[in-house]
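For reference, the chains in residue letters:
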Number of protein chains: 2
Amino acid sequence: MPEPSSKQDLLVGIDLGGTKIMAGIFTPQLKLLGTSKLSTKSGRGFDAVVDRIARTVRDAVDESDLSLKQVRGIGIGAPATIDPEKGEVIFAPNLGWKNAPLRRELEKALEIPVFVENDCNICTLGVHEAELQGKPRSMVGIFLGTGIGGGIILDGKLHSGFNRTAGEIGHMILQVGGPKCGCGNRGCFEALASRISIFREIEDRIKEGGKSVLTEMLGPGETYRDLKSGDLRKAIRKGDKLVEKVIEEAAEYTGIAVANVLNFLNPQVVVLGGGVIDALSDEMMSIILETARDYCMPGVDNNIEIVESRLGDLAGIHGGAVLARQRLK
Amino acid sequence: MPEPSSKQDLLVGIDLGGTKIMAGIFTPQLKLLGTSKLSTKSGRGFDAVVDRIARTVRDAVDESDLSLKQVRGIGIGAPATIDPEKGEVIFAPNLGWKNAPLRRELEKALEIPVFVENDCNICTLGVHEAELQGKPRSMVGIFLGTGIGGGIILDGKLHSGFNRTAGEIGHMILQVGGPKCGCGNRGCFEALASRISIFREIEDRIKEGGKSVLTEMLGPGETYRDLKSGDLRKAIRKGDKLVEKVIEEAAEYTGIAVANVLNFLNPQVVVLGGGVIDALSDEMMSIILETARDYCMPGVDNNIEIVESRLGDLAGIHGGAVLARQRLK
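Residues numbered from 1 in each chain as written. Chains lettered and ligands numbered in written order. Predicted model: local features only at pLDDT ≥ 70, side-chain atom pairs only at ≥ 80, totals over all residues. Heavy atoms only, no water.

Trainee: Describe in detail the overall build of chain A, supporting the description with residues and values.
Mentor: The helix and strand inventory of chain A stands at 10 helices and 13 strands. In terms of C-alpha radius of gyration, chain A reaches 20 Å, essentially the compact-globule figure of 20 Å for 329 residues. By residue count, 60% of the 329 residues in chain A fall in the buried class. With the model as given, the accessible surface of chain A reaches about 13,500 Å², and the carbon-plus-sulfur share is 46%. Charged side chains of chain A number 40 positive and 44 negative; the gap between the two group centres comes to 3 Å. (Helix = DSSP H or I, 4+ residues; strand = E, 2+ residues; numbered from the N terminus. Rg over C-alpha atoms; globule rule 2.2 N^0.38 Å. Buried < 20%, exposed > 50% of the residue type's maximum accessible area, 1.4 Å probe, protein only. Areas by Shrake-Rupley, 256 points an atom, 1.4 Å probe, with all protein chains shown as cover. Lys, Arg positive; Asp, Glu negative; His and termini not counted. Charge placed at Lys NZ, Arg CZ, Asp CG, Glu CD.)

Trainee: So what about the pairing of strand S13 (residues 305-308) of chain A? Which residues, and what values?
Mentor: Residue and element names in this part refer to chain A. Sheet analysis places strand S12 (residues 269-273) next to S13, joined by 4 bridges and oriented parallel. Within S13, the position partnered with Val269 by the bridge is Glu305. In this view, the connection linking S12 to its parallel neighbour S13 by way of helix H9 (residues 275-295) has right-handed handedness. (Pairing = 2+ DSSP bridges. Right-handed = clockwise from strand over helix to strand, strands pointing away.)

Trainee: Explain the pattern of salt bridges residue by residue, including any values.
Mentor: Following the criterion strictly, the structure yields 30 salt bridges over all chains and no others. Lys234(A) is the partner of Asp231(A) in a salt bridge, and the nearest nitrogen-oxygen pair spans 3.6 Å. A residue pair is termed a helical-turn pair when its members lie 3 or 4 positions apart in one helix, as Asp231(A) and Lys234(A) do in helix H7 (residues 229-237) at 3 residues. Under the relative-accessibility criterion, Asp231(A) is labelled buried at 13%. For Lys234(A), a relative accessible area of 46% translates into the label partly exposed. When the shortest N-O distance is used, the salt bridge between Glu203(B) and Arg225(B) registers 2.9 Å. Placement of the pair is Glu203(B) in helix H5 (residues 195-207) and Arg225(B) in the loop between helix H6 (214-217) and helix H7 (229-237), with a sequence separation of 22 residues. Through salt bridges with shared partners, a single ionic network connects Arg200(A), Glu201(A), Arg205(A), Lys245(A) and Glu249(A). (Salt bridge = Lys/Arg side-chain N within 4 Å of Asp/Glu carboxyl O.)

Trainee: Explain the sheet that holds strand S12 (residues 269-273) of chain B to me, using residue names and the numbers behind them.
Mentor: All names here are of chain B. The mixed open sheet is built from 5 strands, whose spatial order is S11-S10-S9-S12-S13. A strand with exactly one partner marks an edge of an open sheet, and here the two such strands are strand S11 (157-158) and strand S13 (305-308). Bridge analysis of strand S10 (residues 148-154) against S11 gives 2 bridges, and the strand direction is antiparallel. In the sheet register, Leu154 faces S11, and the bridge partner there is Lys157. Lying on the sheet, helix H9 (residues 275-295) is in contact with strand S9 (139-144), S12 and S13; it crosses S13 at an angle near 165 degrees. (Contact = heavy atoms within 4.5 Å. Axes fitted to C-alpha atoms, helices over the stretch in contact; angles between N-to-C directions.)

Trainee: Help me get a handle on the packing of aromatic side chains, residues and values and all.
Mentor: What the rule picks out here adds up to 2 aromatic pairs over all chains. When the ring of Phe46(B) is compared with that of Trp97(B), the centres are 4.8 Å apart and the planes differ by 85 degrees; the resulting orientation is edge-to-face. Residue Phe46(B) is found in helix H1 (residues 46-63), and its partner Trp97(B) is found in strand S7 (residues 97-100); the two are separated by 51 residues along the sequence. In this structure, Phe46(B) and Trp97(B) share a single accessibility class: buried. Taking the ring centre of Phe91(A) as reference, the NZ or CZ of Lys98(A) above it sits at 5.4 Å. (Phe/Tyr/Trp six-rings, centres within 6.5 Å; stacked < 30°, edge-to-face > 60°. Lys NZ or Arg CZ within 6 Å of the ring centre and 35° of its normal.)

Trainee: If you had to explain the interface of chain B and chain A to someone new, which residues and values would you point to?
Mentor: With 42 residues of chain B at the interface, the matching set in chain A holds 42 residues. Across the chain B to chain A interface the summed buried area is about 3,600 Å²; carbon plus sulfur atoms make up 63%. On the chain B side of the contact with chain A, Phe162(B), Val176(B) and Phe264(B) bury the most area, a combined 22% of that side's loss. Along the contact surface separating chain B from chain A lie 0 salt bridges. (Buried area = accessible area lost by both parts, 1.4 Å probe.)

Trainee: With reference to specific residues and values, describe the side chain of Ser309(A).
Mentor: All names here are of chain A. As for its position among the elements, Ser309 is in the loop between S13 and helix H10 (315-328). Ser309 sits in the buried class, given a relative accessible area of 4%. There is a polar contact of 3.1 Å between the side chain of Ser309 and the backbone nitrogen of Leu311. What Ser309 contacts, discounting residues up to four positions off in sequence, is Val127, Glu131, Val271, Leu272, Gly273 and Asp278. (Polar contact = N/O pair within 3.5 Å; in protein donor to acceptor, adjacent residues only side chain to side chain.)

Trainee: Describe the side chain of Glu203(B), naming the residues involved and giving the relevant values.
Mentor: When its relative accessible area of 14% is taken as the criterion, Glu203(B) is described as buried. If near-sequence neighbours (up to four positions away) are discounted, Glu203(B) is found in contact with Tyr224(B) and Arg225(B).

Trainee: Outline the sheet that holds S13(A), listing residues and values.
Mentor: Residue and element names in this part refer to chain A. The strand order across the open sheet formed by 5 strands is S11-S10-S9-S12-S13, and the pairing between neighbours is mixed. Edge positions in the open sheet fall to strand S11 (157-158) and S13, since each of these has one partner strand only. Strands in contact with H9 are strand S9 (139-144), S12 and S13; relative to S13, the strand with the most contacts, it is inclined by about 165 degrees.

Trainee: Tell me what's going on with the relation of the copies chain B and chain A, and back it up with residues and numbers.
Mentor: Mapping chain B onto chain A leaves a residual RMSD of 0.1 Å; the transformation is a rotation of 180 degrees accompanied by 0.0 Å of translation along its axis. Seen this way, the second copy is the image of the first under a two-fold rotation axis. The residues that chain B uses at the interface reappear at the interface of chain A in 100% of cases, marking a shared surface. (Least-squares fit on C-alpha atoms with pLDDT ≥ 70 in both.)

Structure, rendered in structure tokens:
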């Protein structure tokens, strides 16, 4: 195991979310040395959040008994459309940011080169490089959490697309006229298999007279939407048929989305990750695989892998470190 | 205008379909010098079809007052999964072929190098190189005919995918549980907007009591499925509200498929072609555009072009010539 060097060769990966900020310190070989977390507090505005990001980085460095001077570069993923050249956040609805100069301000605060990307692209990079050692020449990452996002690796590199928005798989329409999505459309993948849509579906079925143990798990004043993906797993393990059925359906929709990706783009590997998959992989992965293979045209899925990421919520910080390493080359 | 040279520098593009074979003779600059057509007669078997392909090529050469000796290479698109390295047709349901050595046999018959690709990939190549002068770095071609197929250009080149099956957009699920598709699944794009699905939908609505002028256009013993895309245009221009509605819906589904492509892959250009679009572009293109832009996430469609191919049914032969030119370099 290589010792962390005293040279300036460490990498920092940051996962900036709507509710929390996580930072990780990595060796050049992507060994994770330490992490730290703070809440985002996006309501306090852009400058305050930049301060908090810088603090998270300092905390992670300190936690690992290292110094900021040993850090060579920082990669950060934000839930936003990004201009990676300028390092700007173009639009981040969950943070309330428009045209925010994230790189400039963070470089000012930390005096280290900063690179910015979309969070799902970053997670895809993290899985591809840190988990799969960069082996698949083509890969699609699909992340099921509060919402659903994705990223595309082609020819071994991140595919950003013409407007740098590629990977928006959450808004792929799977069911014309289906349930309403947060984006305003109907029948998006995100409206059928994200954490929010799963809880909406469960709530609807309970309102129609269905019974679920989740009702007993609600705290005072809580709604079903306050529950977590892990609560769904607990409910299923308690024999909750209503939750089991909804999760089965979400897994089927996910399998169909995977098949759409395989039929259209035909990548070598599809990786599934995010909070929903982390919590419910035993319940969902076999259904996702079976459904995806069912919906593939003959020959499309030969020797193609559909796998679960084991990085869990560390995919983002790994990807940030990968981004920094790639850009500093 | 350059004169066809006496050197061996001409290219032949062949569009091999389930019902007809078309061949075109091209200059190295992709100027079309002459074409010919024969019916495929796939019922007579592989060897007979290879003879007919060779005959179509000889006819096109003769028609253009040229000699086979002036031809440098041949590119052929087949409605099939292809092994482009071996030049083999892996599976062509419409031709009844499995593992058919198309390149070997055609090279034996004509003594000219032959290159084989999937027909929709070939059409995409033809549109990209011959119609758009190879300018878009990324492009997706979507072809609506009897069925629906597509092709992907990334980084200026054909993207074949891991199993060389990329572009199967016709079997992208747009409506889980929707109408049955020829592939066995339900709700495929092809089951919602291909010529076959349009006529199936019209037939269903007439059976349910709807009125259409198409009924009068049927010859003795003909069913609605024997009619052509051009008949749909005629019906709409005669004020046929039933046909108009079905075509509007097919255009909306097509717009949603285009949005799925833009949201996921974010190419610079999407080109629509095929018999349905050729016949009904006035009726469909504006609806396709409006729907696609409606379903795109913010920023996804900035400066992206969604256009109609003007090559019509000549896209395949142009693409064949492009393939030959690329492979002979």
